[in-house]
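An overview of the molecular structure
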Amino acid sequence: MESRTLARIEVELLTTDAPFINEITLTENVSRYGARVVTKTPWRLSDDVDVKLRREGLSNRARIAYCKPLKGREAFAIGLQFSLPVVNWTV
């Protein structure tokens, strides 16, 4: 487990397989190997997703580590696990 940094960074999530999903959202926290984001769409565990840092225009591949419905909201918290470190989060 790495320590997380609270950060609201705009990212674009794109599935790599059908059904194709494309969603722009914000991170809640980030680390070199992961991030937590809130989405409107439920995502499937272990699916691969391309994560594009909108401001930087950089993409990274991640795996969906978890997807949990948020109480009182029509939204989901998902955990992204990167295989390579993200060293350029703009915080």
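Residues numbered from 1 in each chain as written. Predicted model: local features only at pLDDT ≥ 70, side-chain atom pairs only at ≥ 80, totals over all residues. Heavy atoms only, no water.

1. Regarding the overall build of the protein
- When helices and strands are tallied, the protein shows 0 helices and 7 strands.
- The N-to-C order of helical and strand elements in the protein reads β-β-β-β-β-β-β.
- The C-alpha atoms of the protein give a radius of gyration of 12 Å, which matches the 12 Å a tight globule of 91 residues would have.
- For the protein, with 91 residues in total, the buried portion stands at 36%.
- Approximately 5800 Å² of the protein is accessible, and the part contributed by carbon and sulfur atoms is 51%.
- Taken as two groups, the 14 positive and 11 negative side-chain charges of the protein have centres that lie 5 Å from each other. (Helix = DSSP H or I, 4+ residues; strand = E, 2+ residues; numbered from the N terminus. Rg over C-alpha atoms; globule rule 2.2 N^0.38 Å. Buried < 20%, exposed > 50% of the residue type's maximum accessible area, 1.4 Å probe, protein only. Areas by Shrake-Rupley, 256 points an atom, 1.4 Å probe, with all protein chains shown as cover. Lys, Arg positive; Asp, Glu negative; His and termini not counted. Charge placed at Lys NZ, Arg CZ, Asp CG, Glu CD.)

2. Re the side chain of E12
- For E12, the location among the structural elements is in strand β2 (residues 10-15).
- A polar atom in the side chain of E12 sits 3.4 Å from the side chain of R54.
- Setting aside its immediate chain neighbours within four residues, E12 contacts N22, E23, I24, D50, V51, K52 and R54. (Polar contact = N/O pair within 3.5 Å; in protein donor to acceptor, adjacent residues only side chain to side chain. Contact = heavy atoms within 4.5 Å.)

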